[in-house]
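Remarks on the overall topology
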Amino acid sequence: MKNYCFIIRCIDIGEAEVNIFNTLKTKIPEKNIFYLIDQDQDDFQNRLSLPKFRRERKLQTDDRRLGWKCGDYCFYRVYDEHPDYDYYWLIESDVYIDDESLSKLITESDDNNSDLMIHNFGPRAEKWDWHSIYKEHYPKHKIYGGLFPLVRLTGSAIKDLYRERSELIANGNIDSRNMPNDESFVCSFLANNGYKCSDIKITKNGDFNLTRKHISHIKRGGIYHPVFSDYNSIFEKESLKLTAAVSNGSFAEVSYKILQRNNFNESLYEKIVGKLFDGNKIDKLRDLANTNMMESLDFSLAAFELAKNFRPGGQMLIRRSDELRAKLGQTSSVGLTPILSKKIKQKSTKSASYRDFNLGVRSLAKLQDINFNLFKPFSYEDSRLYLVNTDESAYKAPFLYSEQRDNAIILCDIPSHHVSGEINQEKITFIFSIGRCGSTLVSKLLSSTGFFEISECDVFTQTGDKDIIKTSIYIFQNFNPTKNSKISFKFRSQTNKFIDDYISNFKDANYIFLYRNKSDWAKSYSGKFNWKEGELTYTYTTGYNCLKKLKNSIKNLQIINYDKLIKDPTLISSKPEDLAAIKEIMSKDSQQGVIDNSNKEYNKAEVSKFLSNCKLEINDLI
């Protein structure tokens, strides 16, 4: 048997943690089992404090969710004091394992000399939430992922990961926004540095995932995740998702997933629904719920009855959902919430979020009562489309998201799948760019020639989901306060990673791509935002890939060089009636008032590294 230890990752030590400990000690010496507790306390025997270790080793950041995000720190803590194990296992407290499945796991791992063993190891697409964050720091790496509740690492792998995490933080370029999580960091760094990585086979039973399950429905001899010993724990973990689902008409679909993992236990369904309404049973809900929520609940209950009749896979439920909505009417509720104050400073370039506001009490309304002439898309978060009141003057600002955030007084959230309509693609112009190359100027020039201008709505920065994109474009195009027939969407450079979604769904639209001299571009970003090599390389690379795909797929594409545009703005329009307006726009600073790097000097060392290491040249595509 190989020399290894087990690390139980937890917030505190309770029944679940003790059960795992007792199971492990049937095969593992107790001295080789450690609790890693995400609480600031003194270490005691095998009970080790994670926050204390992070603080002492200067691995702390301002991220309040660091303990949740970076489970690899648990490995570093044990390795720091016990570097002589061949292998280190990490197991989370909501993993089910028994003596039978532990024996299977040990047998499997003894026959596997991989540096990393993890469930569902493999490459991850650009749409993965952690893809761009890791890529920002390691632009040349291919991105890999896995599921972190059960992981094994070798001591040599931990040593290199520990060093790399420490250097990332020491370099001072890490905050809550761009800290790579454990799955992306461990899997990608090791895979790109020659370490052997592989899947755990015993977890391939179909029930090692993110759907919460009750222990009474678990079969011995397997490893499952996540598993709870009481239904209240399942409800508490799912409560936010379920509460939102009641409002948007997807309650049946969400609860169905839970039921499917719990052998369709109908008492569990009643517990879930009853808990949402203060413990009352389903037959009393009509007296408790207001009209809007009741209409949504009617759909949920009707869909649930279908679900019970078609348990295998639930495909019938999915096929019948739209039919049920049509029968019951599109009455799913929306939320209206007063904005009491803002949490961030004016003109911030931070990505739009409802979390930027101090909010009042959310009330319910019907979708058909929302005035989309007033409310426009603001952000996409938690599977909801958020809108805010948007005055006509906001469209004249360089950045719509910033103007919306600074002046919003009401937040509206909607189930976006209920908003749809015809989109005239031929009247749409999308402006993609690598940033800092005149895209704001082009947006203003198009506006001066009769376009309704949407300059950086952050919904398009935050998702590549085709339905959300289409919903947002539909609202902007069909509830246009200027009544202009032509509309332009200028995107932040982060939208480049979603280019496949635009090419697939908007082939008849018009596209503009802007770029500039590579060296001048890097100096501009460095001087404006104090960017370093990783950020420069990632942004330039995604821009290069975006243009490459556009050239291969889109006929209505105009590629504009910034320096040529400055010399000849008639590249946008040479019509005599447009020239006076273009001349006026060219005399102004299109980004006046945007927050800058205070010293305005570019970082010569970082720019030099970028130019030396990034071999791609957009000019090669022209």
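Residues numbered from 1 in each chain as written. Predicted model: local features only at pLDDT ≥ 70, side-chain atom pairs only at ≥ 80, totals over all residues. Heavy atoms only, no water.

**Notes on the overall build of the protein**
Applicable threshold: In DSSP terms, a helix is any run of H or I states spanning at least four residues, a strand is any run of E spanning at least two, and both are numbered starting from the N terminus. To sort residues, take the accessible area from a 1.4 Å probe on protein chains only and compare it with the maximum for the residue type: under 20% means buried, over 50% means exposed, and anything in between is partly exposed. Here, residues are in contact when the closest pair of their heavy atoms is within 4.5 Å.
The number of helices and strands found in the protein is 24 helices and 20 strands. Buried residues in the protein amount to 56% of all 622 residues. Within the protein, counting contacts between residues at least 6 apart in sequence, those at least 24 apart form 75% of the total.

**Thoughts on the packing of helix α4 (residues 72-81) against helix α7 (residues 155-170)**
For clarity, the threshold we go by: Working convention: axes come from line fits to C-alpha atoms, limited for helices to the stretch in contact. Angles between N-to-C directions cover 0 to 180 degrees. In this scheme, roughly parallel covers angles under 35 degrees and roughly antiparallel covers those over 145, while 65 to 115 is roughly perpendicular and the rest are oblique. Each helix crossing is assigned a hand: it is left-handed if the near helix lies turned anticlockwise from the far helix by less than a right angle, otherwise right-handed if that turn is clockwise. In this count, Pro and Cys sit with the nonpolar residues alongside Ala, Val, Leu, Ile, Met, Phe, Trp and Tyr, while Asp, Glu, Lys and Arg are called charged and the others, Gly among them, polar.
Where α4 meets α7, the axes come as close as 10 Å, and the angle between the chain directions of the two elements is 110°. In this view, α4 runs roughly perpendicular relative to α7, as classed from their interaxial angle. Judged by the twist between their axes, the crossing of α4 over α7 is left-handed. Across the interface between the two elements, Asp72, Tyr73, Phe75, Tyr76, Tyr79 and Asp80 from α4 touch Gly155, Ile158, Lys159, Leu161, Tyr162, Arg165 and Ile169 from α7. Along the lines of polarity and charge, the residues of the contact of α4 with α7 split into eight nonpolar, one polar and four charged.

**Looking at the environment of Tyr502**
Structurally, Tyr502 is set in helix α19 (residues 499-505). Looking at Tyr502, the relative accessible area reads 0%, which means it is buried. C-alpha of Tyr502 to C-alpha of Asp465: the two residues are 37 residues apart in sequence and 9.8 Å apart in space. Not counting residues within four places of it along the chain, the set of residues in contact with Tyr502 comprises Phe430, Phe432, Phe460, Ile469, Phe491, Thr495, Lys507 and Tyr511.

**Quick word on the environment of Tyr395**
Mapped onto the secondary structure, Tyr395 falls in the loop between β14 (384-389) and α15 (400-407). You can call Tyr395 buried: its relative accessible area is 6%. Placed 58 residues apart in sequence, Tyr395 and Glu453 show a C-alpha to C-alpha distance of 6.2 Å.

**Notes on the sheet that holds strand β20 (residues 557-561)**
Stated precisely, the cut-off is as follows: Criterion used throughout: strands pair if DSSP finds at least two bridges between them.
One open sheet accounts for five strands, arranged β17-β18-β16-β19-β20; its pairing is parallel. Each edge of the open sheet carries a strand with a single partner, namely β17 (451-455) and β20. Taking the axes of each pair of neighbouring strands and ignoring which way they run, one obtains an average angle of 20° across the sheet. By the bridge criterion, five bridges tie β17 to strand β18 (residues 486-490) in an arrangement that is parallel. Of the residues in β18, the one forming a bridge with Ser455 is Lys490.

**A short note on the nonpolar core**
Here is the rule we go by: By convention a nonpolar core is built from buried Ala, Val, Leu, Ile, Met, Phe, Trp, Tyr and Cys residues, the set being connected through side-chain atoms within 4.5 Å.
Grouped together as the largest cluster of nonpolar side chains are 71 residues, with contacts concentrated most on Phe430, Phe489 and Tyr502. Once residues within four sequence positions are removed from consideration, Phe430 is found in contact with Ile473, Phe489, Phe491, Tyr502, Phe506, Ala509, Asn510, Tyr511 and Ile512. Counting residues in each nonpolar core, the second largest holds 47 residues, with Leu59, Leu66, Val151 and Leu190 among its members.

**Examining the pairing of strand β6 (residues 144-154)**
β6 sits mainly inside the fold: eleven of its eleven residues count as buried. With five bridges connecting them, strand β4 (residues 87-92) and β6 associate as antiparallel partners. Directly across from Leu90, in β6, lies its bridge partner Val151. Bridging between strand β5 (residues 116-123) and β6 involves six bridges; their strand directions are antiparallel. Across the sheet, residue Ile118 finds its bridge partner in β6, namely Val151.

**Thoughts on the environment of Ile428**
By secondary structure assignment, the location of Ile428 is in strand β16 (residues 428-433). Sequence separation of Ile428 and Ala509 is 81 residues, and the distance between their C-alpha atoms is 5.4 Å.

**With respect to the sheet that holds strand β3 (residues 47-49)**
Ordered in space as β3-β2-β1-β4-β6-β5-β7, the seven strands form an open sheet in which the pairing is mixed. The open sheet terminates on both sides in strands that have one partner only, identified here as β3 and β7 (197-199). When strand polarity is set aside, the average angle formed by the axes of neighbouring strands in this sheet is 40°. With six bridges connecting them, strand β1 (residues 4-10) and β4 associate as parallel partners.

**Some points on the packing of aromatic side chains**
Put simply, the rule reads: The pairing test for Phe, Tyr and Trp rings, Trp by its six-membered ring, is centres within 6.5 Å, and the orientation test on the planes gives stacked under 30 degrees, edge-to-face over 60, and tilted for anything in between.
As enumerated under the stated definition, the model contains 40 aromatic pairs in all. For the ring pair Phe21 and Tyr35, a centre distance of 5.5 Å and an interplane angle of 15° mean the geometry is stacked. With Phe21 in helix α1 (residues 15-24) and Tyr35 in strand β2 (residues 33-37), this residue pair connects regions lying 14 residues apart in the sequence. Judged by relative accessible area, which is 10%, Phe21 ranks as buried. Look at Tyr35 and you get buried, because its relative accessible area is 5%. Seen from their ring centres, Tyr474 and Phe479 are 6.1 Å apart, and the 85° between their planes marks the pair as edge-to-face. By relative accessible area, which is 15% here, Tyr474 ends up buried.

**Some thoughts on helix α24 (residues 604-613)**
Here is the rule: This arc is taken over the directions from the axis of the helix to the C-beta atoms. Definition of a polar contact: a pair of N or O atoms within 3.5 Å, with one able to donate and the other able to accept a hydrogen when the atoms are protein atoms, and with sequence-neighbouring residues admitted only if both atoms are side-chain atoms.
All of the buried residues in α24 are Glu606, Val607 and Phe610. Angular distribution of buried residues about the axis of α24 spans 100°; they occupy a single face of the element. In this fold, the buried residues of α24 make contact with α20 (518-529) and α21 (533-553). Where α24 begins, one side-chain oxygen reaches toward the backbone nitrogen of Ala605, 3.1 Å away; that side chain belongs to Asn603.

**Section: the pattern of salt bridges**
Convention followed: Here, a salt bridge means any Lys or Arg side-chain nitrogen found within 4 Å of an Asp or Glu carboxyl oxygen.
Throughout the structure, instances matching the rule amount to 30 salt bridges. For the salt bridge of Arg9 with Asp182, the shortest nitrogen-to-oxygen distance reads 3.6 Å. Taken as a pair, Arg9 in strand β1 and Asp182 in helix α8 (residues 182-191) lie far apart in primary sequence, 173 residues in all. Neither Arg9 nor Asp182 differs from the other in exposure class; each is buried. Between Arg492 and Glu456 there is a salt bridge, with the nearest N and O atoms lying 3.9 Å from each other. Note that Arg492 is positioned in the loop between β18 and α19 and Glu456 in the loop between β17 and α17 (459-462), a separation of 36 residues in sequence. Because the salt bridges share partners, they merge into one network encompassing Asp43, Lys52, Glu56, Arg77 and Glu81.

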